[in-house]
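Here are the chains, one letter per residue:
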Amino acid sequence: MATSELPFVASGGMAPVSQQRINLSAILEASTVESSLQSLFHGCIKRVLIPSSKPQEDLLETMKMLLSSSPPDTHRLYMDQYMLFVANQVNHLRVVHLFKVVSNLVAMGTLQSRLACEVVLRYLDLSKEMVWKESLKFIKEIIGGVDYKGCRDLTKQLLQRFDQLPLVVPEHQIPALQQGQELLAYILNRNSALMPAYFAHDEIQRQYPDKNHTPHWVCKEVIGKLRSGMVTTAEMVSGIVLPFLRPVLGVSTTYMPVNAWRLDPSKQCCYTLKGLLPYKETLLKPQEDLIYYIVIQPNSKDVISSILNLARQTSQPNQFVEEAIARLGVVAMELSEHNLEAQRLFEVWNQMANILIFYSYLQLAPFGSVLERLREKLYQLHYRKGRGYLMWTILQYTTSTSTNVAAKAPQPSSLWVQKEFLPMMSVFDLLYQDKEPLPVPDTSKPSCVYDVSMASLWISYTKKAEADKVTLPRTTPCLLRKQIEWIEKLNEELPVASIAMKDYSLPLLLNIYNSNEKLLNVLLESTVGSPTSSPSPTTPLACTTLNVLIMHAKVRLMDKFKNHLIKIAEVPKQADPQPLVHALLESYGRLLVWLGTRNLQTQLIPAVFKTQSWHVLHALLELIAYRGVHLQLQFSMKFQMLQQFQTVAGVNMIPNQLFVSVETAVLRIIKGLNTPEFLIQLAKQCATDPKVLLSADSEELNKVFVLIVAQTVHIANMDTSSWLDLFMKAVQTATPHAWSESAQQFFPQPFHQHCFFSLPTDHRTILINKVDEELRRYKSKNSDAELLQVFNETDSSAFFYCVLWRLLLDTGSIPTICLKIVLLGVPKKQGAQVRKLVDYVVYTNTSNTQLNNVATKFNELVWKYNIICLDRLVLCMVLRRYDGQDAQVCFAILRHLLLVPQEFSQRVSFFVREVPPNYWEVPSWDQKHAVYLRQYPETFHPSTAGILPPPKVSTLPMYFGNVCLRFLPVLDLVVQRLLELSDNNNNNNTIQFLEQLLDRYGHLYKFHEHPMTYLYTTMHYYETNLSEKPHLKKKLTFTVIGSQQKGVEWYFTSELCKHLRTPRDGPLWKPTTPYYIKSSSSGLQPFNVCVPTCNWHFGEFSGPLLFVLYTTCVEVLSLPVTAKMASQQLLEALYSKATSLSDKGTDMILTWINAMGLLYMSLPKSFQTQLMEELVSTIRALPPPSPPLPGGQSTNHTLHIVTGPRGRVGCLLSMLHAFWHHSNISPLLELQGWLHNTVRPLVQNEMQLLFVCHLVGPVLNRLNTERPKALLEVVLELYHMLQAVDTQQGGQMQCSDTICDFLYHIKYMHIGDQIREEVEKVVSSLQLPLKLRLRFLVPQLDRQQPAPVAVTGGVAQGIGGSLVTVPPIGDTMEM
């Protein structure tokens, strides 16, 4: 048919679309006409392929011209008409010829293969079996020319067609379905390389996301095979240990603003997992155990808000937080059934009360919902012994929300009846099913408060209903009437102060009537006395009394004490003010432990400072310094306290004793900042104004601050790039100073990049000449008035202590006028004078023969003349920048000063012997302390024998402190400074001095506020100097921990205790693997049940988890072995334990691995280095994969060896993941360098590469979130390793599918095309099998590959028997 004769061509151009369709149908009819004989015997004749005929050739030419001359967007319209015609055909030969035409159009490039496949799938109909089969055959021939995204869409369309089929089909249609199954299998076959298998699986998962959406049975086998191949990739990405990891708040990375523990609240609090891989059910289900484990730890609010990604002011309830609190209630009820000791039961229920109040206040766990969940859990249990404690817990919440103390937002007056009262009564109905009225309790026992808690609760709700004018829907239960009547009668018979504290009736009443001023006054008078009582009471409020008081009663009582102290401060000044009642201060301090210092900081201290009532302010400073160590304060509150105290220290005319108290309090606060969370808050403060935390005058305090920051950065291994420079500049601006080289060598690397203040080269000569000049100036004055005038000047006063020193050396005494000059000096300038004095003495005494006399003169300045406090002098000496000979001179003087004179050692001996450390348990502690002060009184102003100080100078009353306790934090620094010097040429003398110092003053550590934390910090920070000194480690551990009241046995294993008690010359203990198993297993106990086991209010740690973690770390660091040996033995213990637990399932093994990961995260880097060396050895030893089984089936048992937790390799792998997950991002930033320098040269076979993929897979998501650049570097290393393995194995890889899936996951979920050029270079150099699989990673490389239209020998058969050559890119790959 000529072109001019085509039906669709008109003289005016193209016909309308409707006309085109009619003409196209006519063309198709004309080109496929049959003879009359064929039509007559259509269903009976045998079909054969007839050579081309003129109409069929014209159809190809016609379609080619039609499509070529039409816009591309009209091709689909033509193909729709074409396939509609094909679908209605009943002649098999016609259908074959029609599909041949389309195949050739695709081969010639006239028609897109994707469009053709899409249109064919639209008209797929199983009822027309012949067309169905030819359609599927046609798609299989040309789908090789479809790009991978088109293949994905075609797969989706094919699955949708299958889903539309009925589940039951006639038997004759089974072959047609099998042909469809074969097409799907061909598309999804990895060897076909039509698209990434990862891509196909992703689309299938979207199509069938859960068990409610399943594919047609004909597709299940094919899809199941693809999914099973993705299981290893999912495990590679997620690891196997993640669902079993449990953090320890304050140590694990939960304190980071963005951390690896974050869950997705929109997905029912599941882990945030990238992609649609077949992750394990333990990862996809809500992480209820993790939330419970975090909620029940102290100070969990910020962590919960962080991991649940909640807004700061969110008020949306969370069902998993509710469930966690209800679960804790069940645990508390269960423990109550076991008749535990009263103190432990109280700790358990107090924890429950605090959590309930806090999260209910935040509305994350509404009170009524928690009670409903708790009732459901208790319904099947017969727990009754803890019901009183439970009602006491509910009473705490009720009294808090009935006031404005804990009410976040006002609610309608009747709403609380529905949300609080009725749920509470449902719990009451379950737990209180007694037949007789509840008895009146014995008020001599603290349990009476719990026994009447339900009656107290009823009275509280009755009062609340009266206030809100609401009628309760329940009448008074008969069970409670007897107790209610007794309580009301007791309230009417208000006890007087003299008998108020003899039983627990007063706390019982205060829990109900906490706004009753009479009751509060009685309790106040029991501690401070009344105008008519004599003598004043000396016993503070007992801890048992405070324990049974509910939170709101404590708040009201604290306000009462605060107002009383303000009234005392407002009394007109007296020359010699009367001492405060010790019981008042002690009681107030114990309330601070419970309630925090906001009341103190925002109201009391400002009011006292305004009135300049120095004796009250001094008492409060001592309270903070010596009782505030047990305060579990937020770091924002500690920072505010530092700012307040720096303001006080900046006042010129405050008494010297008050200034010493300020510096002591600041020093103790700074030394208590050594936790990772502190660095986060410091970074925030550095973004605004870091100098408010620093002293404007005391170089020593600022140096201690820098040292604490350095130690914390070292231990936490935290990134400081965003704030350290600002902090160090602020420090050097406030007090320019320098550090010794021995101190700098222990600083973390980021600190070395900052310039420290350097002294002039001739600073020694300048100082000596200046002192000589000032001495001549002193001698040139003839009158005391001239001396007072001269040495009160700024320049001269800075060197006046050096003048005093010269006078003391030359004459053996100090003139009275000099003491008067010292007395009139400004306290805050004393630090600079002491620093110059110490420098002058060290620079002018280089001979050991003079050091004895120097130490004696220093001793006179401290004890005879009271010019310098011993703790201030030693602190200055130990922090000066001395190296070499200067350091030897300084510490030789220090050694004589501390070990030879007896003044201080006698004080220490008496204090340690007579005064107990557990002040909260000893009612007469103040009397014992007073005995010590009478025996060894202290003065803070200059004096000499026979010369009295001026009358206006007096010593402020001392309540809690003395020189022994002031010296304790200084002793910490002396020990650490000696450890710095213990590796120099004179280390024998240094170690000897350190051991003598510990022998003489080590008993002071019984009063240390944080002995275990201090020991852990010291042994961690100075581990390189201690590792080869087993005797020094033993001495240090036994001195610090052995001095504690409970002894070393309470902290460590019996084996270590025996070693610590072994004499120095005894045999050296060598720990074995069973010991390491025992010591590390002790860390698992708190991970099973995280409930308090002792009184944590006055302990070092806020809970058992921190306690066990720190003690386990200290035990490991105290062992008489090197870090390398200890680390190897710990790993052997892990392997042995994993083997012994293999018959109990993987859960227990993974719990053990969690504890070991935490332990390694908390140990020094030398332990972690050995861990990485073990990993390198493991990679080096991995063999190539086993050869395929007969029939070409791959052996997958190697993958299980890599990932299973029972084997050594899998156990080590899981432990690395646990270690990284608990750590901050810093260890992961070193991953790329380690892979490049150490691992990459080792990886030679695919098992090694597979192991590396398993190693880095679980950290990819975290790197992508926190350090995207580091992720790109790590991924690039993987590609280079893949290139090396592919070259080494000549392209023959058995596990290439898993590795390719992993790389596609990285591309689509993490990096995209960010490193496209580098990836293209690697993929282009790979052998053909891998190159074909990975060509979709680089679009340019994918476009370079020709697309097939058929897979039959690389050719497509044309109409009439002619052959059209097509590229063979669709051929299957031989592996």
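Basis of the calculations
Residues numbered from 1 in each chain as written. Predicted model: local features only at pLDDT ≥ 70, side-chain atom pairs only at ≥ 80, totals over all residues. Heavy atoms only, no water. Helix = DSSP H or I, 4+ residues; strand = E, 2+ residues; numbered from the N terminus. Buried < 20%, exposed > 50% of the residue type's maximum accessible area, 1.4 Å probe, protein only. Contact = heavy atoms within 4.5 Å. Areas by Shrake-Rupley, 256 points an atom, 1.4 Å probe, with all protein chains shown as cover. Phe/Tyr/Trp six-rings, centres within 6.5 Å; stacked < 30°, edge-to-face > 60°. Lys NZ or Arg CZ within 6 Å of the ring centre and 35° of its normal. Axes fitted to C-alpha atoms, helices over the stretch in contact; angles between N-to-C directions. Parallel < 35°, antiparallel > 145°, perpendicular 65-115°, else oblique. Left-handed = near helix turned anticlockwise from the far one by under 90°. Nonpolar A, V, L, I, M, F, W, Y, C, P; charged D, E, K, R; others polar. Patch = residues over 30% accessible without salt bridge, like charges linked within 9 Å, V, L, I, M, F, W, Y side chains within 5 Å. Salt bridge = Lys/Arg side-chain N within 4 Å of Asp/Glu carboxyl O. Lys, Arg positive; Asp, Glu negative; His and termini not counted. Charge placed at Lys NZ, Arg CZ, Asp CG, Glu CD. Polar contact = N/O pair within 3.5 Å; in protein donor to acceptor, adjacent residues only side chain to side chain. pLDDT = per-residue confidence, 0-100.

A. Spatial organisation of the overall build of the chain. Across its full length, the chain carries 71 helices and six strands. The proportion of buried residues among the 1375 residues of the chain is 59%. Taking the intrachain contacts of the chain between residues at least 6 apart in sequence as the baseline, contacts between residues at least 24 apart amount to 78%. Of the roughly 55,900 Å² of accessible surface on the chain, a fraction of 52% belongs to carbon and sulfur atoms.

B. Layout of the packing of aromatic side chains. Following the criterion strictly, the structure yields 51 aromatic pairs and no others. The interplanar angle of 70 degrees and the centroid separation of 4.8 Å between the aromatic rings of Tyr 1016 and Tyr 1110 together place this pair among those described as edge-to-face. Remark: Tyr 1110 occurs in helix 57 (residues 1104-1117) and Tyr 1016 occurs in helix 51 (residues 1011-1021); sequence separation between them is 94 residues. In terms of burial, Tyr 1016 and Tyr 1110 fall into one category: buried. Sitting above the plane of the Trp 925 ring, Arg 627 keeps its charged end 4.6 Å from the centroid. Looking at Lys 836, its charged tip hangs above the ring of Phe 799, at a distance of 5.4 Å from the centre.

C. Region of interest: the packing of helix 27 (residues 551-569) against helix 28 (residues 582-595). Contact geometry for helix 27 and helix 28: axes closest at 10 Å, N-to-C directions at 135 degrees. Taken together, the axes of helix 27 and helix 28 are oblique relative to one another. The crossing of helix 27 and helix 28 is left-handed. Contact residues: helix 27 offers Met 551, Lys 554, Val 555, Leu 557, Met 558, Phe 561, Lys 562, His 564, Leu 565 and Ile 568, while helix 28 offers Leu 584, Leu 585, Ser 587, Tyr 588, Leu 591, Leu 592, Trp 594 and Leu 595. For the contact of helix 27 with helix 28, the per-class residue count stands at 14 nonpolar, two polar and two charged.

D. Geometry of a negative patch on the surface. On the surface, Glu 485, Glu 488, Glu 492 and Glu 493 cluster together into a negatively charged patch. Tracing the backbone shows Glu 485 in helix 22 (residues 478-492).

E. Here's a closer look at the environment of Lys 128. Mapped onto the elements of the fold, Lys 128 is located in the loop between helix 6 (113-122) and helix 7 (129-142). Here Lys 128 falls in the partly exposed class, since its relative accessible area comes to 32%. For Lys 128 and Asn 88, which are 40 residues apart along the polypeptide, the C-alpha to C-alpha distance reads 8.7 Å. Those residues within four positions of Lys 128 in sequence are excluded, and the remaining contacts are Ala 87 and Asn 88. Within polar-contact distance, the side chain of Lys 128 engages the side chain of Asn 88 at 3.4 Å.

F. Geometry of the environment of Thr 1072. Here Thr 1072 shows up in the loop between helix 54 (1054-1060) and helix 55 (1073-1081). Taking the C-alpha atoms as reference, Thr 1072 lies 9.8 Å from Ala 1126; in sequence the two are 54 residues apart.

G. The pattern of salt bridges, seen in detail. If you walk through the whole model with that rule in mind, you get 51 salt bridges. Across the salt bridge formed by Glu 235 and Lys 280, the nearest N and O atoms sit 3.6 Å from each other. Linking Glu 235 in helix 11 (residues 217-238) with Lys 280 in the loop between strand 4 (270-271) and helix 12 (281-284), this pair joins segments that are 45 residues apart in sequence. On the basis of relative accessibility, which here comes to 44%, the residue Lys 280 falls in the partly exposed class. With its nearest N and O atoms 3.6 Å apart, the salt bridge here joins Lys 671 to Asp 972. Placement of the pair is Lys 671 in helix 32 (residues 656-671) and Asp 972 in helix 49 (residues 963-981), with a sequence separation of 301 residues.

H. View of the confidence of the model for the chain. Within the chain, residue pLDDT values average 84, and 87% of them lie at 70 or more. When the elements of the chain are averaged for pLDDT, strand 6 (residues 1363-1365) gives the smallest value, 31, and helix 45 (residues 870-879) the largest, 96. This model gives residues 1-22 a pLDDT under 50, and the stretch forms 24 contacts once residues within four places in sequence are excluded.

I. Representation of the side chain of Glu 938. With respect to the helices and strands, Glu 938 occurs in the loop between helix 48 (925-935) and helix 49. A residue is classified by how much of its surface remains accessible, and Glu 938, at 11% relative accessible area, is buried. Here Val 963 takes part through its backbone nitrogen, which lies 2.8 Å from a polar atom of the side chain of Glu 938. One polar contact links Glu 938 to Arg 966, side chain to side chain, over a distance of 3.1 Å.

J. Highlighting helix 13 (residues 288-295). Of all eight residues that make up helix 13, six are buried, and the element is covered over most of its length. The complete set of buried residues in helix 13 reads Leu 290, Ile 291, Tyr 292, Tyr 293, Ile 294 and Val 295.

K. Here's a closer look at helix 65 (residues 1246-1256). Within helix 65, 11 of the 11 residues are buried, leaving the element largely enclosed by the surrounding structure. Within helix 65, the full set of buried residues consists of Glu 1246, Met 1247, Gln 1248, Leu 1249, Leu 1250, Phe 1251, Val 1252, Cys 1253, His 1254, Leu 1255 and Val 1256. The opening residue of helix 65, the one whose side-chain oxygen lies 3.0 Å from the backbone nitrogen of Met 1247, is Asn 1245.

L. Fine view of the environment of Ala 734. Mapping Ala 734 onto the fold places it in helix 35 (residues 724-734). Remark: the alpha-carbon pair of Ala 734 and Asp 697, spanning 37 residues in sequence, is separated by 7.4 Å. Once residues lying within four places of it in the same chain are set aside, the contact partners of Ala 734 are Ser 695, Ala 696 and Asn 702.

M. Main features of the packing of helix 64 (residues 1231-1239) against helix 65. Here helix 64 crosses helix 65 at 170 degrees, and the two axes come no closer than 13 Å. Relative to helix 65, helix 64 is oriented roughly antiparallel. Regarding helix 64 and helix 65, the two cross each other, and that crossing is right-handed. Across from Leu 1231, Trp 1234, Leu 1235 and Val 1239 in helix 64, the residues of helix 65 making contact are Val 1252, Leu 1255 and Val 1256.

N. Up close: the side chain of Lys 562. The residue Lys 562 is located in helix 27 in this model. The residues touching Lys 562, leaving out its near neighbours within four places in the chain, are Tyr 588, Asn 599, Gln 603 and Leu 604.

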